[in-house]
Amino acid sequence: MTLENAARLAELRREHGLSQEELAEKLGVSRQAVSKWERAESSPDTDNLIALAKLYGVTLDVLLGLKLPDAPEAPETVFEAPMDDEAVEAAAAPVEAPAEAPAAPVAEPCLSPDCDPLPNGSYYEHAAQEKARAAKEAEEQAARERERRRRRFPYPVVVTVAYLALGFCFNLWHPGWIIFLTIPLFYLPDRERRPLRLLGNPVMVTIIYLLLGTQCNWWHPGWLVFFLIPLLNAADRR
């Protein structure tokens, strides 16, 4: 979406007396999505482009600000000065205007999935790429929002309260302290929270080893669980 196309979308919306909220409600999208279209930060997908064209009563060419090439200017006619009476009479005779060539028909935008208004499927290919890019941006934005919420959550305070409750109520000062090791696991980014990657995390393996040792007295051969770290990480990369 270029700046010119974004400005064209904003101009058409204002011409029809719509606010961003009203347009978003008619299209079934968020106001932030409309705002991003008009700031050229993202592009409407194919369905929204068609809906906008129908809403404004224009073609896709007009919606996107596309223009047909200007017709070439007619060459200027150069008259030479007449040299005799016959030439003067010929020059004074009315000149018949050439017949106008029929105007070339303007192709209407193709709104059917069976055809493409641009050659070689470039329109739908571009629309699919824009839709995929918008979906990826939305997914990345959602992941960043989840990480921000996770960082704001006072998980260490919750763990401390839980540890004190285990100690005072159930006398589990040991091995209750192991729950403090879950703090770095809580703040892992989404890409590190996949099952295999999480089980292969050194902190998680340490927690498993301590639980085996304190609860089952399997200090040996419980230490073998540390060999899971490279195995699980290798399986996650496949």
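Scope of this entry: the structure provided in the associated data block. (Residues numbered from 1 in each chain as written. Predicted model: local features only at pLDDT ≥ 70, side-chain atom pairs only at ≥ 80, totals over all residues. Heavy atoms only, no water.)

What follows covers the pattern of salt bridges. Overall, the coordinates contain 12 salt bridges when judged by the stated rule. Residue Glu137 pairs with Arg133 through a salt bridge whose shortest N-O separation is 2.8 Å. With Glu137 and Arg133 both in helix H7 (residues 122–152) and four residues apart, this pair spans about one turn of that helix. Since its relative accessible area comes to 30%, Glu137 is described here as partly exposed. Across the pair Glu145 and Arg152 runs a salt bridge, and its minimum N-O distance is 3.9 Å. Taking the relative accessible area as the measure of exposure, Glu145 reaches 27% and is therefore partly exposed. The exposure class of Arg152 is exposed, given its relative accessible area of 57%. Residues joined by salt bridges that share partners form a network here, namely Glu145, Arg148, Arg149 and Arg152. (Salt bridge = Lys/Arg side-chain N within 4 Å of Asp/Glu carboxyl O. Helix = DSSP H or I, 4+ residues; strand = E, 2+ residues; numbered from the N terminus. Buried < 20%, exposed > 50% of the residue type's maximum accessible area, 1.4 Å probe, protein only.)

This part takes up the nonpolar core. Of all hydrophobic cores here, the largest spans 15 residues; its most connected members are Leu23, Trp37, Leu52, Tyr56 and Leu63. When residues in this core are grouped by element, the largest group, four residues, is from helix H4 (residues 46–56). When sequence neighbours within four positions are dropped, the list of residues in contact with Leu23 reads Arg13, Leu18, Val34, Leu52, Leu55 and Tyr56. Membership of the second largest hydrophobic core comes to six residues, among which are Ile178, Leu185, Leu188 and Ile207. (Core = buried A, V, L, I, M, F, W, Y, C linked by side-chain atoms within 4.5 Å. Contact = heavy atoms within 4.5 Å.)

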